[in-house]
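Close look at the chain arrangement
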Amino acid sequence: MSVDLSAARQFIESTARVLERHQLAVLLDDGPIEPVLTALKAYHNADGGFGHALEPDVRCPGSQPSAALSALDVLADLDAAHDSMVTEVADWIAAIAHPDGGVPTVLPSAHGHPRAPWMEPSPEAGFLTYALAARLWRLGVRHPWLEKATTWCWNQIDAIEEPGGYTVVFALQFLDAVPDPARAAAAVDRFRSAIRDDGTVAVEGGMENEHLKPLHLSPRPGTPSRALFGDETIAADVDRLEREQLDDGGWDFHFLHFSPGQTVEWRGVVTLGAIRTLRDHGRA
(Lines give C-alpha, C1' and ligand atoms only; values in the text may rest on other atoms or scores of the structure.)
Protein backbone atom coordinates (compact mmCIF):
# COMPACT_ATOMS: atom_id res chain seq x y z
CA MET A 1 0.00 0.00 0.00
CA SER A 2 1.10 3.55 -0.64
CA VAL A 3 -0.53 6.94 -0.87
CA ASP A 4 -0.64 8.45 -4.33
CA LEU A 5 0.15 12.06 -3.46
CA SER A 6 0.26 13.07 -7.10
CA ALA A 7 -3.31 11.86 -7.59
CA ALA A 8 -4.38 13.52 -4.33
CA ARG A 9 -2.89 16.80 -5.51
CA GLN A 10 -4.72 16.49 -8.82
CA PHE A 11 -7.98 15.86 -6.97
CA ILE A 12 -7.55 18.91 -4.73
CA GLU A 13 -6.55 21.15 -7.62
CA SER A 14 -9.41 20.01 -9.84
CA THR A 15 -12.19 19.73 -7.26
CA ALA A 16 -11.55 21.45 -3.93
CA ARG A 17 -12.09 25.05 -2.89
CA VAL A 18 -9.35 27.65 -3.21
CA LEU A 19 -8.93 27.44 0.57
CA GLU A 20 -7.98 23.76 0.56
CA ARG A 21 -5.78 24.24 -2.50
CA HIS A 22 -3.69 26.82 -0.64
CA GLN A 23 -3.64 24.65 2.48
CA LEU A 24 -2.28 21.76 0.44
CA ALA A 25 0.55 23.98 -0.82
CA VAL A 26 1.49 24.75 2.80
CA LEU A 27 1.25 21.09 3.82
CA LEU A 28 3.16 19.50 0.95
CA ASP A 29 5.31 22.29 -0.44
CA ASP A 30 6.06 24.48 2.60
CA GLY A 31 4.19 27.23 0.78
CA PRO A 32 3.42 30.60 2.37
CA ILE A 33 0.47 30.89 4.73
CA GLU A 34 -0.68 34.30 3.47
CA PRO A 35 -2.76 32.88 0.55
CA VAL A 36 -4.55 30.59 3.01
CA LEU A 37 -5.37 33.51 5.28
CA THR A 38 -6.60 35.54 2.31
CA ALA A 39 -8.87 32.69 1.21
CA LEU A 40 -10.18 32.25 4.74
CA LYS A 41 -11.10 35.94 4.98
CA ALA A 42 -13.67 35.42 2.23
CA TYR A 43 -15.78 33.54 4.80
CA HIS A 44 -15.22 36.12 7.57
CA ASN A 45 -18.15 38.30 8.56
CA ALA A 46 -18.21 41.83 9.96
CA ASP A 47 -19.37 40.51 13.35
CA GLY A 48 -16.10 38.59 13.72
CA GLY A 49 -17.60 35.16 13.03
CA PHE A 50 -17.55 32.99 9.93
CA GLY A 51 -20.27 31.78 7.61
CA HIS A 52 -20.92 31.30 3.87
CA ALA A 53 -20.71 27.48 4.12
CA LEU A 54 -17.14 27.44 5.39
CA GLU A 55 -18.43 24.39 7.26
CA PRO A 56 -20.27 22.70 4.38
CA ASP A 57 -23.22 21.38 6.39
CA VAL A 58 -24.58 24.87 7.26
CA ARG A 59 -24.87 26.91 4.09
CA CYS A 60 -26.12 30.28 5.33
CA PRO A 61 -24.14 33.51 4.96
CA GLY A 62 -24.52 34.37 8.65
CA SER A 63 -21.94 33.43 11.27
CA GLN A 64 -22.26 29.96 12.79
CA PRO A 65 -20.37 28.09 15.53
CA SER A 66 -19.49 25.24 13.16
CA ALA A 67 -17.97 27.72 10.71
CA ALA A 68 -16.00 29.29 13.56
CA LEU A 69 -14.66 25.83 14.33
CA SER A 70 -13.65 25.31 10.70
CA ALA A 71 -11.86 28.67 10.70
CA LEU A 72 -10.02 27.86 13.92
CA ASP A 73 -8.99 24.52 12.44
CA VAL A 74 -7.34 26.35 9.56
CA LEU A 75 -5.70 28.91 11.83
CA ALA A 76 -4.43 26.24 14.23
CA ASP A 77 -2.96 24.16 11.41
CA LEU A 78 -1.10 27.29 10.27
CA ASP A 79 -0.02 28.11 13.84
CA ALA A 80 -1.45 31.56 13.09
CA ALA A 81 -2.29 32.71 16.60
CA HIS A 82 -0.98 36.15 15.65
CA ASP A 83 -3.68 36.75 13.04
CA SER A 84 -6.41 39.19 14.02
CA MET A 85 -9.10 36.72 12.93
CA VAL A 86 -8.29 34.58 15.97
CA THR A 87 -9.16 37.28 18.48
CA GLU A 88 -12.14 38.43 16.44
CA VAL A 89 -13.70 34.97 16.27
CA ALA A 90 -12.99 34.37 19.97
CA ASP A 91 -14.84 37.61 20.75
CA TRP A 92 -17.72 36.48 18.52
CA ILE A 93 -17.92 33.11 20.29
CA ALA A 94 -18.03 34.91 23.63
CA ALA A 95 -20.86 37.11 22.37
CA ILE A 96 -23.09 34.17 21.38
CA ALA A 97 -22.17 31.91 24.34
CA HIS A 98 -24.32 31.34 27.40
CA PRO A 99 -23.15 32.95 30.66
CA ASP A 100 -21.54 29.65 31.74
CA GLY A 101 -19.49 29.49 28.52
CA GLY A 102 -21.54 26.86 26.68
CA VAL A 103 -22.08 27.53 22.96
CA PRO A 104 -25.14 26.59 20.87
CA THR A 105 -24.43 24.26 17.96
CA VAL A 106 -26.61 26.01 15.36
CA LEU A 107 -27.87 29.61 15.49
CA PRO A 108 -31.22 30.88 14.12
CA SER A 109 -29.53 32.48 11.09
CA ALA A 110 -29.48 28.99 9.56
CA HIS A 111 -33.27 29.13 9.11
CA GLY A 112 -34.30 29.48 5.50
CA HIS A 113 -30.96 28.25 4.12
CA PRO A 114 -29.80 24.81 2.98
CA ARG A 115 -28.34 22.73 5.78
CA ALA A 116 -27.86 19.13 6.80
CA PRO A 117 -30.82 17.57 8.64
CA TRP A 118 -28.86 17.41 11.90
CA MET A 119 -28.06 21.12 11.78
CA GLU A 120 -31.30 22.32 13.38
CA PRO A 121 -31.10 25.66 15.21
CA SER A 122 -31.39 25.33 18.99
CA PRO A 123 -30.51 27.63 21.88
CA GLU A 124 -29.07 24.81 24.01
CA ALA A 125 -25.32 24.65 24.55
CA GLY A 126 -23.76 21.69 22.81
CA PHE A 127 -20.68 19.66 22.05
CA LEU A 128 -19.06 22.25 19.77
CA THR A 129 -18.08 24.02 23.00
CA TYR A 130 -15.48 21.27 23.56
CA ALA A 131 -14.07 21.67 20.07
CA LEU A 132 -13.96 25.46 20.03
CA ALA A 133 -12.16 25.52 23.37
CA ALA A 134 -9.75 22.88 22.09
CA ARG A 135 -8.78 24.97 19.08
CA LEU A 136 -8.07 28.06 21.17
CA TRP A 137 -5.93 25.98 23.53
CA ARG A 138 -4.05 24.57 20.51
CA LEU A 139 -3.43 28.12 19.34
CA GLY A 140 -2.18 29.13 22.77
CA VAL A 141 -4.69 31.98 22.93
CA ARG A 142 -5.92 33.19 26.30
CA HIS A 143 -9.37 34.72 26.23
CA PRO A 144 -11.96 35.34 28.97
CA TRP A 145 -14.45 33.07 27.20
CA LEU A 146 -11.93 30.22 27.13
CA GLU A 147 -11.67 30.19 30.91
CA LYS A 148 -15.45 29.86 31.28
CA ALA A 149 -15.70 27.34 28.47
CA THR A 150 -12.97 25.19 30.00
CA THR A 151 -14.91 25.05 33.26
CA TRP A 152 -18.04 24.14 31.27
CA CYS A 153 -16.17 21.34 29.51
CA TRP A 154 -14.75 19.88 32.74
CA ASN A 155 -18.17 20.00 34.39
CA GLN A 156 -19.75 18.19 31.45
CA ILE A 157 -17.03 15.54 31.38
CA ASP A 158 -17.20 14.97 35.13
CA ALA A 159 -20.97 14.43 34.89
CA ILE A 160 -21.07 12.32 31.73
CA GLU A 161 -22.54 8.84 32.10
CA GLU A 162 -23.21 7.40 28.64
CA PRO A 163 -21.07 9.26 26.10
CA GLY A 164 -21.59 8.58 22.42
CA GLY A 165 -21.19 9.84 18.89
CA TYR A 166 -19.69 13.25 18.26
CA THR A 167 -19.71 14.10 21.95
CA VAL A 168 -16.87 11.59 22.27
CA VAL A 169 -14.94 13.13 19.34
CA PHE A 170 -15.17 16.70 20.54
CA ALA A 171 -14.61 15.95 24.22
CA LEU A 172 -11.46 14.01 23.32
CA GLN A 173 -10.29 16.97 21.23
CA PHE A 174 -10.65 19.13 24.32
CA LEU A 175 -8.74 16.65 26.48
CA ASP A 176 -5.96 16.42 23.88
CA ALA A 177 -5.54 20.22 23.87
CA VAL A 178 -6.22 21.49 27.37
CA PRO A 179 -2.95 22.23 29.24
CA ASP A 180 -3.75 19.99 32.21
CA PRO A 181 -2.22 16.65 31.18
CA ALA A 182 -2.73 14.78 34.43
CA ARG A 183 -6.41 15.64 34.65
CA ALA A 184 -6.87 15.00 30.93
CA ALA A 185 -5.23 11.59 31.13
CA ALA A 186 -7.55 10.61 33.97
CA ALA A 187 -10.64 11.95 32.20
CA VAL A 188 -9.98 10.15 28.91
CA ASP A 189 -10.95 6.85 30.49
CA ARG A 190 -14.51 8.11 31.01
CA PHE A 191 -15.04 7.64 27.27
CA ARG A 192 -13.80 4.07 27.04
CA SER A 193 -17.31 2.69 27.46
CA ALA A 194 -18.40 4.29 24.19
CA ILE A 195 -15.73 2.51 22.15
CA ARG A 196 -16.73 -0.82 20.64
CA ASP A 197 -14.43 -3.83 20.33
CA ASP A 198 -13.36 -2.75 16.85
CA GLY A 199 -12.29 0.68 18.10
CA THR A 200 -15.26 2.55 16.65
CA VAL A 201 -17.99 4.68 18.20
CA ALA A 202 -21.56 4.47 16.91
CA VAL A 203 -23.34 7.60 15.70
CA GLU A 204 -26.96 7.33 16.73
CA GLY A 205 -29.38 9.01 14.37
CA GLY A 206 -26.92 8.94 11.48
CA MET A 207 -26.96 6.78 8.38
CA GLU A 208 -27.21 3.03 8.75
CA ASN A 209 -24.11 1.77 10.57
CA GLU A 210 -22.61 5.28 10.69
CA HIS A 211 -19.67 5.27 13.07
CA LEU A 212 -16.49 7.09 14.00
CA LYS A 213 -13.19 5.31 13.52
CA PRO A 214 -10.10 5.36 15.77
CA LEU A 215 -8.34 8.07 13.74
CA HIS A 216 -11.44 10.26 13.95
CA LEU A 217 -11.30 9.89 17.72
CA SER A 218 -7.54 10.23 18.11
CA PRO A 219 -5.94 11.64 14.95
CA ARG A 220 -2.60 12.73 16.42
CA PRO A 221 0.13 10.56 17.93
CA GLY A 222 1.27 11.31 21.45
CA THR A 223 -2.01 12.76 22.72
CA PRO A 224 -3.96 11.66 25.83
CA SER A 225 -6.71 10.10 23.70
CA ARG A 226 -4.23 7.52 22.37
CA ALA A 227 -4.54 5.71 25.71
CA LEU A 228 -7.91 4.42 24.46
CA PHE A 229 -6.34 2.47 21.59
CA GLY A 230 -3.65 -0.15 21.23
CA ASP A 231 -0.85 0.28 18.70
CA GLU A 232 -2.31 -2.48 16.52
CA THR A 233 -5.70 -0.75 16.40
CA ILE A 234 -4.15 2.52 15.29
CA ALA A 235 -1.88 0.81 12.74
CA ALA A 236 -4.87 -1.03 11.26
CA ASP A 237 -6.83 2.20 10.99
CA VAL A 238 -3.93 3.97 9.29
CA ASP A 239 -3.92 1.07 6.80
CA ARG A 240 -7.67 1.55 6.36
CA LEU A 241 -7.29 5.27 5.71
CA GLU A 242 -4.56 4.62 3.16
CA ARG A 243 -6.76 2.07 1.35
CA GLU A 244 -9.70 4.48 1.17
CA GLN A 245 -8.03 6.75 -1.38
CA LEU A 246 -10.33 6.53 -4.40
CA ASP A 247 -9.46 6.22 -8.07
CA ASP A 248 -9.93 9.97 -8.56
CA GLY A 249 -7.17 10.61 -6.00
CA GLY A 250 -9.41 11.90 -3.22
CA TRP A 251 -11.14 10.54 -0.16
CA ASP A 252 -14.85 10.50 0.59
CA PHE A 253 -16.74 11.10 3.83
CA HIS A 254 -18.96 8.58 5.58
CA PHE A 255 -22.03 10.58 6.52
CA LEU A 256 -24.99 11.91 4.55
CA HIS A 257 -24.25 13.55 1.20
CA PHE A 258 -27.19 15.92 1.18
CA SER A 259 -26.33 18.28 -1.69
CA PRO A 260 -23.82 18.46 -4.58
CA GLY A 261 -22.09 21.51 -3.12
CA GLN A 262 -21.77 19.98 0.33
CA THR A 263 -20.39 16.77 -1.19
CA VAL A 264 -17.74 18.50 -3.29
CA GLU A 265 -16.64 20.76 -0.45
CA TRP A 266 -16.46 18.05 2.20
CA ARG A 267 -14.46 15.78 -0.11
CA GLY A 268 -11.83 18.49 -0.43
CA VAL A 269 -11.74 18.96 3.34
CA VAL A 270 -11.49 15.25 4.16
CA THR A 271 -8.90 14.64 1.45
CA LEU A 272 -6.69 17.33 2.92
CA GLY A 273 -7.29 15.85 6.39
CA ALA A 274 -6.43 12.34 5.21
CA ILE A 275 -3.12 13.53 3.78
CA ARG A 276 -2.31 15.36 7.01
CA THR A 277 -3.17 12.34 9.18
CA LEU A 278 -1.15 9.96 7.01
CA ARG A 279 1.83 12.31 7.12
CA ASP A 280 1.55 12.45 10.91
CA HIS A 281 1.84 8.65 10.90
CA GLY A 282 4.72 8.47 8.44
CA ARG A 283 2.68 7.29 5.46
CA ALA A 284 2.73 10.32 3.15
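Look up: the structure comes first, before these words.
My aim in this report is to walk through the structure given alongside it, one point at a time. (Residues numbered from 1 in each chain as written. Predicted model: local features only at pLDDT ≥ 70, side-chain atom pairs only at ≥ 80, totals over all residues. Heavy atoms only, no water.)

Turning our eyes to something else, we now look at the overall build of the protein chain. Each helix and strand in the protein chain was counted, giving 12 helices and 2 strands. Taking 19 Å as the expected radius of gyration for a compact globule of 284 residues, we find that the protein chain reaches 18 Å, a close match to that expectation. Overall size of the protein chain, expressed as C-alpha extent along the three principal axes, is 50 × 45 × 35 Å. The proportion of buried residues among the 284 residues of the protein chain is 54%. Counting only contacts in the protein chain whose residues sit at least 6 apart along the sequence, the fraction spanning at least 24 positions is 60%. Summed over its atoms, the accessible surface of the protein chain is roughly 12,600 Å², and 51% of this surface lies on carbon and sulfur atoms. Charge-centre separation for the protein chain: the mean point of 23 positive side chains lies 2 Å from the mean point of 41 negative side chains. (Helix = DSSP H or I, 4+ residues; strand = E, 2+ residues; numbered from the N terminus. Rg over C-alpha atoms; globule rule 2.2 N^0.38 Å. Buried < 20%, exposed > 50% of the residue type's maximum accessible area, 1.4 Å probe, protein only. Contact = heavy atoms within 4.5 Å. Areas by Shrake-Rupley, 256 points an atom, 1.4 Å probe, with all protein chains shown as cover. Lys, Arg positive; Asp, Glu negative; His and termini not counted. Charge placed at Lys NZ, Arg CZ, Asp CG, Glu CD.)

The backbone of Ala-53 sits at a positive phi, close to 65°, despite the residue not being glycine. Structurally, the position occupied by Ala-53 is in the loop between helix H3 (34-41) and helix H4 (65-77). Residue Ala-53 is classed as buried on the basis of its relative accessible area, which comes to 7%. In this model, Asp-79 sits at a positive phi of 55°, which is unusual for a non-glycine residue. With respect to the secondary-structure elements, Asp-79 resides in the loop between H4 and helix H5 (84-96).

The next point concerns the side chain of His-281. Relative to the helices and strands, His-281 resides in the segment after helix H12 (260-280). Here Thr-277 takes part through its backbone oxygen, which lies 2.8 Å from a polar atom of the side chain of His-281. The residues contacting His-281, other than those within four sequence positions of it, are Leu-215, Pro-219, Pro-221, Arg-226, Ile-234 and Val-238. (Polar contact = N/O pair within 3.5 Å; in protein donor to acceptor, adjacent residues only side chain to side chain.)

Moving on, we come to the nonpolar core. Ranked by internal contacts, the top residues of the largest apolar core, which has 84 residues, are Trp-145, Phe-174 and Leu-175. Among the elements that make up this core, the one with the highest residue count is helix H6 (residues 128-139) (9 residues). With residues near it in sequence (within four places) discarded, Phe-174 still touches Tyr-130, Ala-133, Ala-134, Trp-137, Thr-150, Cys-153, Trp-154 and Ile-157. One finds Val-58, Cys-60, Ala-110 and Ala-116 within the second-largest nonpolar core, a separate group that totals 6 residues. (Core = buried A, V, L, I, M, F, W, Y, C linked by side-chain atoms within 4.5 Å.)

Once that is clear, we can look at the packing of aromatic side chains. Applying the stated rule across the entire model yields 9 aromatic pairs. The interplanar angle of 50° and the centroid separation of 6.5 Å between the aromatic rings of Tyr-130 and Phe-174 together place this pair among those described as tilted. Linking Tyr-130 in helix H6 with Phe-174 in helix H8 (residues 165-177), this pair joins segments that are 44 residues apart in sequence. Across the pair, Phe-174 and Tyr-130 agree in class, each one buried. Aromatic ring contacts, followed pair by pair, group Trp-118, Phe-253, Phe-255 and Trp-266 into a single cluster. Sitting above the plane of the Trp-154 ring, Arg-183 keeps its charged end 4.0 Å from the centroid. (Phe/Tyr/Trp six-rings, centres within 6.5 Å; stacked < 30°, edge-to-face > 60°. Lys NZ or Arg CZ within 6 Å of the ring centre and 35° of its normal.)

Looking at the secondary structure, you find Leu-246 in the loop between helix H11 (231-243) and H12. For the pair Leu-246 and Ala-8, spaced 238 residues apart in sequence, the C-alpha separation works out to 9.2 Å. In contact with Leu-246, other than residues within four places in its own chain, are Asp-252 and Arg-267.

Moving on to H11. Its 13 residues place the ends of H11 18 Å apart at the C-alpha level, agreeing with the 18 Å of an ideal helix rising 1.5 Å per residue. Inspection of H11 places Ile-234, Asp-237, Val-238, Arg-240, Leu-241 and Glu-242 among the buried residues, and these make up the whole buried set. Packed against the buried residues of H11 are helix H10 (214-217) and H12. (Expected span 1.5 Å × (residues − 1).)

Geometric descriptors of this kind do not, in isolation, establish any biological role.
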